[in-house]
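Remarks on the overall topology
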Amino acid sequence: TFVTIGAYNGVNDSEIKDYKSAYEQFSSTIKDAVQAHYSNHRLAMQSCSSSISGAAINNDETFPMVTLKDFEVLGASTRANSGIELLAWMPYVQPEQESDWISYSIENQGWINVSRDIISRDGTSLAAYDDEGILPMIYRDPNSTIPTSELLAPIWQMSPPPFLSWPVVNLDWLSDENEMQRQEAMTTLRHQVFMPVEDLSFMTGTAVNEADHEAFHARLVDWKRDESTSAYDHPHSFALGPVFEVVNDEQSDIVGQVTAVIAWDFYLVDLLPEGVDNITVTIRNTCNQSFSYLIGGRSAFYIGPGDLHEESYDNMEVSVDFYGFDDVETVKQMSDQDVCLYSFHIYPTKAFEDEYRSNEPMVLAALIGSAFLFMVVSFFMYDWFVQSRNNKVMTAAASSNAIISNMFPSQIRERLLEVNKRREQLKSSNLSKGAQKPLMVESMHSHEGRPIADFYPENTILFADLVGFTAWSSVHEPAQVFELLETVYGEFDNLARIRRVFKVETVGDCYVAVSGLPEPRKDHAIVMARFARDCLSRFQAVIRHLEVMLGPDTADLCMRFGLHSGPVTAGVLRGERARFQLFGDTMNTASRMESTGTPNMIQISQDTADLIVAAGKTSWVSPREGKIVAKGKGEMQTFWLSASRSGSSSGSSGINAHRSSASATEMSSNESEVEAVQDSGSTAADEPNPGDANRTKRLCQWNEEVMRNILRQIVAQRGSSGLGNGGASSLRPEPSRTPLDEVREVIELGQYSGPPNRDTDSIELDNAILEQLGSFVSTIASMYKPNPFHSFEHAR
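Residues numbered from 1 in each chain as written. Predicted model: local features only at pLDDT ≥ 70, side-chain atom pairs only at ≥ 80, totals over all residues. Heavy atoms only, no water.

It is worth spelling out the nonpolar core at this point. In this structure, Trp264, Leu268, Phe322 and Phe344 are the most contacted members of the largest nonpolar core, which totals 66 residues. Top contributing element to this core by residue count: helix H1 (residues 2–58), with 13 residues. Excluding anything up to four places from it in sequence, leucine 268 contacts Val281, Ile283, Tyr293, Ile295, Ser299, Ala300 and Phe344. In this structure, Val488, Ala525, Ala609 and Ile612 belong to the second largest nonpolar core, which totals 42 residues. (Core = buried A, V, L, I, M, F, W, Y, C linked by side-chain atoms within 4.5 Å. Buried < 20%, exposed > 50% of the residue type's maximum accessible area, 1.4 Å probe, protein only. Helix = DSSP H or I, 4+ residues; strand = E, 2+ residues; numbered from the N terminus. Contact = heavy atoms within 4.5 Å.)

Structural data, given as structure tokens:
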């Protein structure tokens with residue numbers, strides 16, 4: 001009896017544990033997704049508000065008379081990833097400004113047609129949209145009790161554009177008493193706020209097209225079981241965000257608001273993997289409203305209003321807040337002003353639990369409690385459970401194998417697996433024959449066969465060492481030391497993967513890499529030279545970024561690089577903790593190149609310099625003055641590898657494409673042009689900051705490199721199979737339009753559908769093109785005034 005009960009409890013507890021573990025994992029996935037959704041929504045609203053503030057400065061306009069001509073471009077981008085269904089910009093108009101605003105709005109209502117043209121490019125039919133202009137007035141709710149002397153907030157620009165213009169545009173949003181209270185709450189908090197869920201069907205046929213609205217929700221969430229309901233029966237609410245007069249200055253005056261329609265359906269899709277079903281999510285707010293959904297894989301099913309989760313699972317609730325206030329109590333006190341805090345509450349269901357529960361515990365107990373006749377059946381059941389556990393072990397082993405695969409080149413890894421397979425076969429054969437000395441057999445065959453090693457005659461090895469790291473690490477915490485090393489060498493690893501350079505190892509703060517093996521290549525010296533320059537450039541950018549987190553002395557760290565080319569022996573030194581290693585004089589010489597080098601310089605040997613010069617990159621190398629004395633090598637003539645790259649920038653998130661030698665020779669002329677641009681605007685009373693000048697140089701160089709790469713790609717695609725979907729924008733003049741109407745902020749280039757006909761790296765741009773490109777970027781840089789919110793650095 002005790003054995004039967006123990007077996008039952010053991011298996012039953014295992015199933016319960018699996019069920020709870022699965023729920024914890026999937027609820028955590030939903031929680032992370034909801035937090036990401038809120039972050040995307042908040043950043044989208046803030047970005048939209050900042051764009052409006054910035055447009056006023058760019059267009060030399062004064063609030064409230066501010067209009068974004070391509071508002072639909074900004075609105076579509078904001079709505080795409082934020083769950084916003086409709087977005088509106090509403091400037092605040094003082095009563096004494098009303099007549100001026102009416103004149104301004106009539107003169108600038110052309111944004112409506114521009115926005116409609118933009119949405120028509122995506123296939124939206126404009127046949128049902130009205131062609132009437134807006135009314136020449138700010139009209140109010142006829143039932144409004146708000147005095148006419150109060151602040152006005154006419155609806156001005158919308159995304160998508162209104163279905164009917166005249167009943168929407170210039171409607172005073174604050175003529176409704178509820179909206180006035182909400183605006184006051186937002187102004188008090190100076191933060192975006194959410195409103196209660198409400199019926200927004202009144203917008204149908206005016207602000208939005210009903211068919212488009214139904215189609216939007218049909219893509220997101222399954223309908224409620226009552227098919228007579230519409231998409232407006234799903235929860236919607238307004239969100240308000242302040243627009244500040246000064247960009248990113250939340251202490252400046254609030255000059256308007258961005259109002260968004262939130263479709264809560266958006267935040268309930270794409271939360272779980274396919275096949276994971278029956279998890280309930282209830283949306284609640286502090287305005288005493290709740291709405292329930294049933295999550296199934298990447299889709300969701302709207303159950304209806306109210307908290308409809310299964311109460312028996314209250315103890316397994318997982319909640320996540322959908323707001324970003326620190327002072328929650330202040331917001332709760334404003335609940336009477338229709339300001340709500342939303343939260344998501346996650347619960348399992350009986351159906352979800354049943355997927356992990358079975359009658360196996362009872363069956364096993366019955367078998368164990370039965371007579372000896374059922375022993376054989378019990379044995380098979382036990383074997384089934386063991387097999388299930390082995391599958392989990394094999395899954396874990398497969399994951400471990402994925403990690404090990406990064407430690408060895410693919411050819412070496414295959415040879416190691418083959419050796420291990422032969423060893424296991426030999427052990428199995430001896431055990432089956434009843435060998436009396438298995439330990440001797442194991443000892444004899446632990447290194448059977450030839451060693452796994454090869455000779456590679458042509459390679460280039462890089463040694464890179466952090467200068468000043470020992471002193472720096474002695475005054476920093478271990479976590480900070482590893483943060484530095486992981487960040488810097490993680491970036492190097494990314495560069496190595498892109499450049500197809502093999503990372504050998506890191507020894508302390510020294511990084512070792514090689515090109516030319518395990519796959520031999522003739523251009524190993526060029527590849528490694530580019531990799532070293534990329535690493536130096538990326539290190540300088542990363543170290544400036546890390547200075548904020550790790551202290552000001554972090555920026556004092558430097559990197560010393562050494563390169564040498566020659567033959568090496570590479571293989572796996574078998575035994576405990578075997579790993580892929582390189583041996584030979586080439587390794588020693590490369591190490592000497594690094595140790596005798598100079599901080600933030602790349603020193604290369606005579607052999608490497610000869611290979612680079614032979615490849616036509618003479619401008620890359622310059623001889624070092626005097627000879628160095630290397631341990632074990634004596635005097636050596638070495639060279640410096642030019643580390644300047646016109647594509648580097650402290651803010652770049654990765655490496656730039658390979659640059660040609662023509663772009664390298666263009667560097668000095670472009671820098672001179674940038675210096676001339678910067679010097680032309682300075683006076684004796686306002687001398688330019690050298691640091692700012694260097695920053696502008698780097699930004700100019702970065703922009704030039706990006707444009708060079710685009711030009712190379714265009715040249716490489718010439719003669720391809722043709723343009724794919726979405727050809728280039730038409731630049732032909734139209735007789736019915738003025739030149740100002742034909743101005744375009746963005747020129748869309750066609751996308752080629754076929755593969756390029758040439759290797760991008762092999763394309764050499766004409767010097768005249770490079771000169772024009774440098775002059776163009778320098779001219780653009782000179783046109784920006786030195787203010788913090790619209791400088792050349794800000795616009796890069």
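Let us look at the state of the cysteines. Throughout the structure, instances matching the rule amount to 1 disulfide. The disulfide partner of cysteine 287 is cysteine 340, and the S-S distance across this bridge is 1.8 Å. Sign of the S-S torsion, about -105° for the bond between cysteine 287 and cysteine 340, identifies this disulfide as left-handed. Highlighted residues: cysteine 287 in the loop between strand S7 (279–285) and strand S8 (289–296) and cysteine 340 in the loop between helix H7 (328–332) and strand S11 (342–348), separated in sequence by 53 residues. Both residues of the pair, cysteine 287 and cysteine 340, belong to the buried class. (Disulfide = S-S within 2.5 Å.)

Attention now moves to unusual backbone geometry. Across the junction of phenylalanine 63 and proline 64, the peptide omega takes the value 10°, indicating a cis bond. Following the sequence through the fold, proline 64 ends up in the loop between H1 and helix H2 (71–80). Residue proline 518 is reached from leucine 517 by a cis peptide bond, and omega for that bond is 0°. Topologically, proline 518 is positioned in the loop between strand S14 (510–515) and helix H15 (524–550). One non-glycine residue, aspartate 60, adopts positive backbone phi at about 55°. Counting through the fold element by element, aspartate 60 comes out in the loop between H1 and H2. The backbone of asparagine 288 sits at a positive phi, close to 60°, despite the residue not being glycine. The topology assignment puts asparagine 288 in the loop between S7 and S8.

No statement about biological role is implied by the geometric values presented.
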